[in-house]
Amino acid sequence: MHIDKVTIANICQIPGIFGLILGGFLAGIVSYKYNISNCLKYSLLLQLLVCCLFFYISITDSNLMKMAIILNISSLIFGFSNVMYRAFVDTISNGDINVNTSLGSIGPLFRTIL
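Note that the structure is a prediction, hence the values are computed from the model and not measured. (Residues numbered from 1 in each chain as written. Predicted model: local features only at pLDDT ≥ 70, side-chain atom pairs only at ≥ 80, totals over all residues. Heavy atoms only, no water.)

Colleague: Before we go on, may I ask you to explain helix 3 (residues 64–93) in this structure?
Modeller: The α-helix advances 3.6 residues per turn, and as a result positions three or four apart in sequence lie on the same side. Its 30 residues place the ends of helix 3 43 Å apart at the C-alpha level, agreeing with the 44 Å of an ideal helix rising 1.5 Å per residue. Phi turns positive, to about 55 degrees, at N94, one or two residues after helix 3. (Helix = DSSP H or I, 4+ residues; strand = E, 2+ residues; numbered from the N terminus. Expected span 1.5 Å × (residues − 1).)

Colleague: Please clarify how the nonpolar core should be interpreted in this entry.
Modeller: Generally speaking, nonpolar side chains in soluble globular proteins are found buried as a group. Of all hydrophobic cores here, the largest spans eight residues; its members are A27, I36, C39, L40, F80, M84, Y85 and V89. Among the secondary structure elements, those contributing two or more residues to this core are helix 2 (36–60) and helix 3. Broken down by element, the residue count for this core peaks at four residues, all from helix 3. Within the second largest apolar cluster, five residues are counted, among which are V50, I57, I70 and I77. (Core = buried A, V, L, I, M, F, W, Y, C linked by side-chain atoms within 4.5 Å. Buried < 20%, exposed > 50% of the residue type's maximum accessible area, 1.4 Å probe, protein only.)

Colleague: Got a minute to help me understand the environment of F78 in this structure?
Modeller: Within the fold, F78 resides in helix 3. Take F78: its relative accessible area is 25%, and that puts it in the partly exposed class. With 55 residues separating them in the primary sequence, F78 and G23 have C-alpha atoms 7.2 Å apart.

Laid out in structure tokens, this is it:
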């Protein structure tokens, strides 16, 4: 059974936005209590795991509900890791705006390439 990309996008649009926002709030709470670099490493591993899980489900099962749930979890983890990355860049740059801007631009560049 072939599922259209537009159908999946329409189903996951609103919950995905709320997942991003919730992930950002969770990252703010977690970064206040724990080490930022370790949280960034774990969030990137979670992102990799969720992407591999989505790839596996899309090849084997093609169940629309499972794909929607995985995509929404991925949005939550992406919001979390994006805020963690920004916090990590901010701690490295020590307030220098040029370093903060250049390091902040590297993350989206790698995400686009990969």
